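Architecture at a glance
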Amino acid sequence: MTPYGLTTEQRTEPLGLGEPHPRLSWKLDGDRRGAAQSAYRITATEDGSPRTIWDSGRRESADTLLVAWDGPALRSGTRYHWRVEVWDETGAHAGTAQTWFETGLLHPDEWTAVWIGRDPNRLPHFDPPTDEDLVSPGAAEAPLYLRQTFRLARRPMRARLYATARGVYEPQLNGRRVGDRELAPGWTEYHHRLQYQTYDVTEQLREGDNVLTAIVADGWWSGYVGFEPRRPARHYGDVPGFLAQLVVDFEDGSQQIIATDGTWTEQPGAIRAADLMMGQFVDARLATPGDDTCSPALVLDTETGPLVAEPDHPIRIVDDLIPVHVSPREPGRFIVDFGQNLVGRICLTVRGAAAGQRIVLRHAEVLTDDGELYRDNLRRAAATDTYVGAGGEHEIFEPQFTFHGFRYAEVTGYPGELTEDDLIARVIHNDIPFTGSFECSDPMVNQLQSNIVWGQRGNFLAVPTDCPQRDERLGWLADAQVFAPTATRNADVSAFFARWLRDVVDGRDDDGAFRDVAPVVSVDREGAPAWGDAGVIIPWLLWRTYGDRRVLERCFDAMTGWVEHIRRHNPDLLWRHRTGNSFGDWLQVDAETPRDVLATAYFARSTGIVAQAAEVLGRDQAAAEFHALHAAIRVAFADAYVKSDGSVEGGTQTAYLLALEFDLLPPELIDAAVDHLAADVEKRGNRLTTGFVGVPLLCPVLADHGRADLAYALLQQDEYPSWGYSIRHGATTIWERWDGWTEHGGFQSAAMNSFNHYSLGSVGDWLYGQVAGIDQTPGSVAYSELLLRPRPGGTLTWARAEQETARGRVTCGWSITDDGITVTVTVPPGATALLEIPTSDPGSVRENGAPVGSSTVRLTSGRFTFTAIPAL
């Protein structure tokens, strides 16, 4: 048994940590059955010193998750090395592992930098591009090109750059890019919190003259954001700015600081305009202006504002895709297919372009019937990048301050023949670790899983967005909460969601209501049912999945405030008032779930979660009060919406799903309600009607109530409406709506028709949890007590999943042959499992040929293989 996967604040070797009391975690690996940790010891040192500054001593504990640092107070700008050693269940020393973290600037008074930007009285010396040049009218302000020269008397021992922007920025040092972050500092509720980044630049500095530069574009700060029709929307500020502090340490203990101030200069550069939605315009002829074009930078603000260290994984380039096909049209124009709907940008190699030759890239997710780009659904987002060549033999164009959602691109104005070797699609998103996988014997279901993953990749960019291509790209709360369980299966999203939840909490209105989106732009009403409830549901999910008590503590008052907001305006406990935009079961098909039924169900759901959270946090009085409220809402729901025959008001699939999943029915009516639900599915030819809110419950509820046959029929359905229908018609991501395109109707309304929108992919949680069989018991936290419950069905002959949980690697898979069913599982050290083997004859269960005598087996850690006669 050995420890591995060491993290500090849920990240591996974080540079620039801002948490003064970080939490340390590790996982355990080992083949031996029954292996478990009985004790651990943590020791820590400061970088460059062998002296131990903290020794926890041997602690008799099985804890491996989020163990709080209780050593000496951390110092800013310091690297700490920590080591964990563990003892197994026999008391024997089992293994050791070590890692490090480095603090950022922990105290506001350590910042000496000031905000700088463009002096409007000294604009850069070139004419701004015209609207005709830009293709995207209005996006005409050039980014900042800021510059500072400085001298070092000798090479440094250590150097760190702490930087951020009001906008998005790219730092460079001595002509080389610093770091690999994209679109830093990301998007937060800037008035409450602006993240700074930390870079190790030791190797980029030299003795003598050095040059530190930064390019700063509008980004989310002052560019197009949401569906505002004007530019800039100016939700945060009118102009971009830059703040940086380069701290250089020398061997003799001396230190030199180079910070942004009034001595910096600005000069024009090749990027003439850049906007996240509209695109980027680059004139390569302006890449190297002379010193006579420099102007003094303007000090914008001497107060740094609400700076915080970046707490989660940054946005990076995570993959490169080459085209699968390049189709020539008329001379100089080509349609490029990358084979996958993705989010990012294109890197284009230009050969032999004349100086001043303009090349334009336009992006789209799908094609029209005649093979041209379909762009109507982008609405106001121009998604157009333009390059004006410098006249070199070999030039590279790669816009860095924009991103697009696309599978296809049109290239116009290209000199000569364009080949697959000339283009690369750069895939960008927050670099969260993808830790799960699912596969089975049905290629269509495998494509569905791929579409789910690509939808997550494309929309986990700064915030969990609804879509990456049109003029919206907002952090819609309901989309996030219905998909969050699936997201946790595919990837470790603990730090990503914990950071975003700060925006959710900060965005509340004065009455305690969460909003529909976070950060709050474009949509500023109180949250709708199922939308605002994300502020309760996601913190609880992070507790259950990762054992993150701190995020539960930090969100708890806001969680209770949300429930109290609903109760205050609905004293009869039926949520009919103050429902915000009341979206209902958004984009349901051929059904209309009553909005008050859905709302009241979510009122009960959030209240029940708050009661459970109060128990976890030891707030007994609050727990009792909210449990009582939850019981009262259940009674009100049943009295108002449930009839004696088990039918639920509205009679829709989603109405039954909510009532069943949220435990709102009298026990004696559950079977009747299941029959009503099943009858609705069957009368439609095994087709669904659920929208965003109902779809994550559809297959799990059917399977849990004895109708796994219908769950599999819906999963493998390929007629409209279904997941398979979009896949049969070429989808490589999840569509926003079931009828985004149909054979009978063509494209849905361009006013709202994304082809990359993860919400309807929330079935992924069921693929892991019941098709493959990885789940946890109701009382388990962070997969401490596994429930391994594979449920074969449909035409599948095998399925398997792997999940790197907070405690270690879990696998569960099954296969059916003429000889029977084989189930193979892995349980990590320290966890236990209840395995339910799907067999019609418990007496047939064997492990390695030895009879087990039961279809239910309790397991400790290890790898296990069982065989049996399969269930009928």
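For the structure, see preceding data.
Let me begin by describing the structure that accompanies this report.

Definitions and limits used
- Residues numbered from 1 in each chain as written.
- Predicted model: local features only at pLDDT ≥ 70, side-chain atom pairs only at ≥ 80, totals over all residues.
- Heavy atoms only, no water.
- Helix = DSSP H or I, 4+ residues; strand = E, 2+ residues; numbered from the N terminus.
- Rg over C-alpha atoms; globule rule 2.2 N^0.38 Å.
- Buried < 20%, exposed > 50% of the residue type's maximum accessible area, 1.4 Å probe, protein only.
- Areas by Shrake-Rupley, 256 points an atom, 1.4 Å probe, with all protein chains shown as cover.
- Contact = heavy atoms within 4.5 Å.
- Pairing = 2+ DSSP bridges.
- Core = buried A, V, L, I, M, F, W, Y, C linked by side-chain atoms within 4.5 Å.
- Expected span 1.5 Å × (residues − 1).
- Axes fitted to C-alpha atoms, helices over the stretch in contact; angles between N-to-C directions.
- Parallel < 35°, antiparallel > 145°, perpendicular 65-115°, else oblique.
- Nonpolar A, V, L, I, M, F, W, Y, C, P; charged D, E, K, R; others polar.
- Phe/Tyr/Trp six-rings, centres within 6.5 Å; stacked < 30°, edge-to-face > 60°.
- Lys NZ or Arg CZ within 6 Å of the ring centre and 35° of its normal.
- Left-handed = near helix turned anticlockwise from the far one by under 90°.
- Salt bridge = Lys/Arg side-chain N within 4 Å of Asp/Glu carboxyl O.

Overview of the overall build of the protein
Of the regular secondary structure elements, the protein holds 15 helices and 48 strands. Relative to the globule expectation of 29 Å for 872 residues, the C-alpha radius of gyration of the protein, 28 Å, shows essentially globular dimensions. Projecting the C-alpha coordinates of the protein onto the three principal axes gives extents of approximately 85 × 70 × 60 Å. Looking at the 872 residues of the protein, the share that counts as buried comes to 63%. On the protein, roughly 31000 Å² of surface is accessible, and the fraction owed to carbon and sulfur atoms is 47%.

Here's the deal with the side chain of Ser844
Tracing the backbone shows Ser844 in the loop between β44 (832-836) and β45 (846-847). Setting aside residues no more than four positions away along its own chain, Ser844 makes contact with Thr839, Thr867, Ala868 and Ile869.

Comments concerning the sheet that holds strand β3 (residues 23-29)
Paired through their backbone hydrogen bonds, the strands of a sheet run either parallel or antiparallel. If you walk across this open sheet you meet the three strands as β1-β3-β6, and the pairing is antiparallel. Both edges of this open sheet fall to β1 (2-8) and β6 (67-68), since each of them pairs with a single strand only. Pairing geometry for β1 and β3, over five bridges, is antiparallel. The residue of β3 that forms the bridge with Thr2 is Asp29.

Some details on helix α12 (residues 695-704)
The element α12 is extensively covered by neighbouring structure, given that nine of its ten residues are classed as buried. Burial in α12 covers these residues: Val695, Pro696, Leu697, Leu698, Cys699, Pro700, Val701, Leu702 and Ala703. Considering only its buried residues, α12 is in contact with α4 (477-490), α10 (653-661), α11 (670-683), α13 (708-715), α14 (723-728) and α15 (764-772).

Side note on the nonpolar core
Trp187, Trp220, Phe438, Phe497 and Trp766 are the most contacted members of the largest nonpolar core, which has 214 residues in total. Per-element accounting of this core gives the leading share, twelve residues, to helix α8 (residues 595-616). Leave out the neighbours within four places in its chain, and Trp220 touches Val168, Leu183, Gly186, Trp187, Tyr190, Val225, Tyr236, Leu276, Phe403, Leu461 and Ala462.

Describing the side chain of Thr777
Within the secondary structure, Thr777 sits in the loop between β39 (774-776) and β40 (785-788). Beyond its immediate sequence surroundings of up to four residues, Thr777 is in contact with Arg544, Glu785, Leu786 and Leu787.

Considering helix α6 (residues 534-546)
Along an α-helix, residues three or four apart share an orientation, since each turn contains 3.6 residues. Under the 1.5 Å per step criterion, the end-to-end length of α6 is 17 Å for 13 residues, consistent within 8% with the ideal 18 Å. Burial runs high along α6: 13 of the 13 residues are buried. Just beyond α6, the residue with positive phi is Gly547, at close to 70°.

Topic: the pairing of strand β32 (residues 404-412)
Each regular strand shows side chains that alternate between the opposite faces of the sheet. Among the nine residues in β32, eight count as buried, and that is most of the element. Alignment of strand β26 (residues 333-351) against β32, held across eight bridges, turns out to be antiparallel. Within β32, the position partnered with Val336 by the bridge is Ala409. As judged from the five bridges shared by strand β27 (residues 358-364) and β32, these two strands associate in the antiparallel manner. The residue of β32 that forms the bridge with Val360 is Thr412.

Examining the environment of Gly237
Secondary-structure assignment places Gly237 in the loop between α2 (219-222) and β16 (241-249). Residues Gly237 and Leu66 lie 171 residues apart in sequence; the distance between their C-alpha atoms is 38 Å. Each residue touching Gly237, except ones within four places of it in the same chain, is listed here: Trp221 and Ser222.

Quick notes on the packing of α12 against α13
Relative orientation of the contacting elements α12 and α13 amounts to 155°, with a least axis distance of 7 Å. With respect to α13, the element α12 is oriented roughly antiparallel. Where α12 abuts α13, its residues Leu698, Cys699, Leu702 and Ala703 lie against Ala708, Leu710, Ala711 and Leu714. When grouped by side-chain class, the residues that make up the contact of α12 with α13 number eight nonpolar, no polar and no charged.

Observations regarding the sheet that holds strand β15 (residues 208-217)
Across the sheet, six strands lie side by side as β13-β12-β15-β10-β18-β21; this open sheet has antiparallel pairing. One side of each edge strand has no neighbouring strand; the edge strands of this open sheet are β13 (176-177) and β21 (295-296). Summarising the sheet, strand β10 (residues 144-152) and strand β18 (residues 265-266) pair through two bridges and their orientation is antiparallel. Bridging from a neighbouring strand, Leu146 pairs with Glu266 of β18.

Remarks on the packing of aromatic side chains
In this structure the tally under the stated criterion is 39 aromatic pairs. With a centroid separation of 6.1 Å and an interplanar angle of 25°, the aromatic rings of Trp221 and Tyr236 are classed as stacked. A residue pair is termed long-range when its members are at least 10 positions apart, and Trp221 in helix α2 and Tyr236 in the loop between α2 and β16 qualify at 15 residues. Assessed through its relative accessible area of 10%, Tyr236 is described here as buried. Site record: aromatic cluster; members linked through ring pairs are Phe460, Phe483, Phe496, Phe497, Trp500 and Tyr758. Between Arg154 and the ring centre of Phe250, over which it is positioned, the NZ or CZ distance is 4.5 Å.

Considering the packing of helix α5 (residues 494-506) against α6
Where α5 meets α6, the axes come as close as 11 Å, and the angle between the chain directions of the two elements is 155°. Classed by the angle they form, the pair α5 and α6 counts as roughly antiparallel. Judged by the sense of rotation from one axis to the other, the crossing of α5 with α6 is left-handed. Touching Ser494, Phe497, Ala498, Trp500, Leu501 and Val504 of α5 are Gly535, Ile538, Pro539, Leu542 and Tyr546, all from α6. For the contact of α5 with α6, the class distribution of residues is nine nonpolar, two polar and no charged.

Digging into the pattern of salt bridges
Overall, the coordinates contain 74 salt bridges when judged by the stated rule. We note a salt bridge from Glu19 to Arg554, for which the minimum N-O separation is 3.3 Å. Of this pair, Glu19 sits in the loop between β2 (15-17) and β3 while Arg554 sits in helix α7 (residues 549-569), placing them 535 residues apart in sequence. Note on Glu19: relative accessible area 14%, which makes it buried. Relative accessible area serves as the criterion here: at 48%, Arg554 is assigned to the partly exposed category. A single network of salt bridges, built from pairs that share partners, joins Glu170, Arg177, Glu182, Asp320, Arg345, Glu398 and Arg426.

Regarding unusual backbone geometry
With an omega of 10°, the peptide bond between Ala184 and Pro185 qualifies as cis. In this structure, Pro185 sits in the loop between β13 and β14 (194-200). Put simply, Tyr720 and Pro721 share a cis peptide bond, and its omega is -5°. A positive phi angle, close to 65°, is found at Leu587, a residue other than glycine. Topologically, Leu587 is positioned in the loop between α7 and α8. Taking relative accessible area as the criterion, Leu587 reaches 15% and is therefore assigned buried. In the Ramachandran plot, Ala782 falls in the positive-phi region, its phi being about 55° despite a non-glycine side chain. In this structure, Ala782 sits in the loop between β39 and β40.

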